[in-house]
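Close look at the chain arrangement
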Amino acid sequence: MTIQHIDVAYTAVATAENGRDGRVSTDDGALDVVVNPPKEMGGSGAGTNPEQLFAAGYSACFQGALGVVARQEKADITGSTVTASVSIGRTEAGGFGLEVAISASIPNVDPATAQALVEKAHQVCPYSNATRGNIKVELSAG
């Protein structure tokens, strides 16, 4: 496996207490949330969960990448949204794994252009680059 070296611009720091049934907070205090397993996994579902946090981060990051690509392509993505659906389940090896579906709504471009923008954003997005080859990521645009 090749390790990609980057010129670090920012480092986020978060600390978890009690794993999936506890609390997660960032060192700057901007995020401090209770985490609980979802009801579908036998938990209370009272707080957020790591999959929701991952989906939130991925969708925001992908939207940013879409903006970079749109500026390069001179495409109007005003009013666009990106939704990330993160699924967790058992793997064949017996552990747990994730799958992601990214769906972008880009109302001011035709469907073919929207799909092309999403494909290009997938090459730019840091979350996409981090997960590429590790988990299944499906892309769709409209």
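Note that the structure is a prediction, hence the values are computed from the model and not measured.

Moving on, we get to the pattern of salt bridges. Inspection of every chain in the model, using the stated rule, returns 5 salt bridges. For K120, the salt bridge is made with E73, and the minimal N-O distance between the two is 3.1 Å. Here K120, found in helix α2 (residues 111-124), pairs with E73, found in helix α1 (residues 50-73); they are 47 residues apart in sequence, far enough to count as distant. Given a relative accessible area of 37%, K120 falls into the partly exposed group. For E73, a relative accessible area of 42% puts it in the partly exposed group.

A word on the side chain of S59. If you trace the backbone, S59 turns up in helix α1. In this structure S59 touches V82, T83 and A84, once residues within four positions along its chain are discounted.

With respect to the helices and strands, the residue S80 is situated in the loop between α1 and β4 (81-90). Under the relative-accessibility criterion, S80 is labelled buried at 12%. Within the local environment of S80, its side chain forms a polar contact with the side chain of Q63, the two groups lying 2.9 Å apart. Here S80 is in contact with Q63, L66, S105, I106 and P107, once residues within four sequence places are set aside.

Our next topic: the sheet that holds strand β1 (residues 14-17). The strand order across the open sheet built from 3 strands is β1-β2-β3, with neighbouring strands paired in antiparallel fashion. Two strands in the sheet have a free side with no partner beyond their single neighbour: β1 and β3 (32-35). Pairwise comparison of adjacent strand axes, ignoring direction, gives a mean angle of 20° for this sheet. Pairing of strand β2 (residues 22-26) with β3 involves 4 bridges; the strand directions are antiparallel. Residue G22 lies in a different strand from β3, and its bridge partner there is V35.

So, how was this worked out
Within any chain, residue numbers begin from 1 and follow the written order of that chain's sequence. With the structure being a predicted model, the display of local features is reserved for residues of pLDDT at least 70 and the display and counting of side-chain atom pairs for 80 or more, all residues being used for whole-chain, interface and lining totals. For the side-chain quantities, the full set of heavy atoms in the structure was used; hydrogens and water were omitted. By definition, a salt bridge exists where a carboxyl oxygen of Asp or Glu is found within 4 Å of a side-chain nitrogen of Lys or Arg. Secondary structure counts use DSSP, requiring at least four H or I residues in a row for a helix and at least two E residues in a row for a strand, with both numbered from the N terminus. Burial classes: relative accessible area under 20% of the type maximum marks a residue as buried, over 50% as exposed, and values in between as partly exposed (1.4 Å probe, protein chains only). Note on contacts: a residue pair qualifies if any of its non-hydrogen atoms lie within 4.5 Å across the two residues. Here a polar contact is taken to be a pair of N or O atoms separated by no more than 3.5 Å, where protein atoms must pair a possible hydrogen donor with a possible acceptor and residues adjacent in sequence count only if both atoms sit in side chains. One requirement defines pairing of two strands: DSSP has to find at least two bridges between them. Orientation is described by axes fitted as lines to C-alpha atoms, over the contacting stretch for helices, and by angles from 0 to 180 degrees between their N-to-C directions.

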